[in-house]
Amino acid sequence: MKFSGNMDTQAFNMVMATILRREAQNIFRSKGVLSFEGEGETKFVFQGVHEQIDFGPAKSPWKAGEERLNKLVFIGRGLERDELEGFIKLAQAPVSDEVMGKIQREFYDAMETGVTNAYEEEDAAFEEEGDEALAAAQVNSHPKPNPNPNPKPNPKPKPKPKP
């Protein structure tokens, strides 16, 4: 997806939080380059796995005269491109009060009913197994001790004699 111009910071954060909350199980990876209103020449990048996102300033700013082109990529299953694109476009600056109200309603609805994380079912199954499963996991999570706690480094290979 590509969008020219700047994004509204608050609207974009709420849109992404909504998408990630609803689609965490279906979004395997996401990444993007973004321009935000009021952030001057700072270019932002993000990358993520499921609902976990790493976001911050890029190493280099937008160059003088460079088009502010927001690029977003979502890799997953069952994602509706048109639906995602339409929702993300709502965060393009300027955002009207009416549009912000729609974004906020979607956001709050997702926080109440959306998927909490991609591993919710696994977490629930683990909790149902109770203390026995926890004890087994703790025992199995400890690495086996190294039989040789002070190993010697590998010796340098000896050069082959020349004939």
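Right, let's walk through the structure included here.

Counting across every chain of the model gives 6 salt bridges. In this structure, Glu106 engages Arg22 in a salt bridge whose closest nitrogen and oxygen atoms are separated by 2.8 Å. With Glu106 in helix α3 (residues 97-113) and Arg22 in helix α1 (residues 9-23), this pair connects stretches of sequence that are 84 residues apart. The residue Glu41 makes a salt bridge to Arg68 at a minimum N-O spacing of 2.9 Å. With a gap of 27 residues between them, Glu41 in the loop between β2 (27-34) and β3 (44-49) and Arg68 in the loop between β4 (52-57) and β5 (69-76) connect regions that are remote in the sequence. A relative accessible area of 18% places Arg68 in the buried class.

What follows covers the nonpolar core. The biggest cluster of nonpolar side chains holds 25 residues, and the ones touching the most others in it are Phe12, Val15, Ile19, Leu34, Leu72, Phe74 and Ile88. Sorting the residues of this core by element identifies α1, β2, β3, β5, α2 (81-89) and α3 as the ones contributing at least two each. Of all the elements, α1 adds the most residues to this core, at 7 residues.

This part takes up the side chain of His50. Here His50 shows up in the loop between β3 and β4. A relative accessible area of 14% places His50 in the buried class. In this structure the side chain of His50 is engaged in a polar contact, spanning 2.7 Å, whose partner is the backbone oxygen of Ala24.

Spatial ordering of the open sheet is given by β1-β5-β2-β3-β4, a layout of 5 strands whose pairing is antiparallel. Among the strands making up the open sheet, the edge pair consists of β1 (2-4) and β4. Ignoring which end each strand starts from, the neighbouring axes of this sheet average 10° apart. With 6 bridges connecting them, β2 and β5 associate as antiparallel partners. Note on β5: the bridge partner recorded for Val33 is Lys71. Those strands touched by α1 are β2, β3, β4 and β5, and its axis lies near 170° from that of β2.

Take the packing of α1 against α2 next. Between α1 and α2, whose axes approach to 9 Å, the crossing angle comes to 155°. Taken as axis vectors, α1 and α2 run roughly antiparallel relative to one another. Residues Phe12, Val15, Thr18 and Ile19 of α1 pack against Leu84, Phe87 and Ile88 of α2. Here the residues of the contact of α1 with α2 sort into 6 nonpolar, 1 polar and no charged.

Criteria and thresholds
Residues numbered from 1 in each chain as written. Predicted model: local features only at pLDDT ≥ 70, side-chain atom pairs only at ≥ 80, totals over all residues. Heavy atoms only, no water. Salt bridge = Lys/Arg side-chain N within 4 Å of Asp/Glu carboxyl O. Helix = DSSP H or I, 4+ residues; strand = E, 2+ residues; numbered from the N terminus. Buried < 20%, exposed > 50% of the residue type's maximum accessible area, 1.4 Å probe, protein only. Core = buried A, V, L, I, M, F, W, Y, C linked by side-chain atoms within 4.5 Å. Polar contact = N/O pair within 3.5 Å; in protein donor to acceptor, adjacent residues only side chain to side chain. Pairing = 2+ DSSP bridges. Axes fitted to C-alpha atoms, helices over the stretch in contact; angles between N-to-C directions. Contact = heavy atoms within 4.5 Å. Parallel < 35°, antiparallel > 145°, perpendicular 65-115°, else oblique. Nonpolar A, V, L, I, M, F, W, Y, C, P; charged D, E, K, R; others polar.

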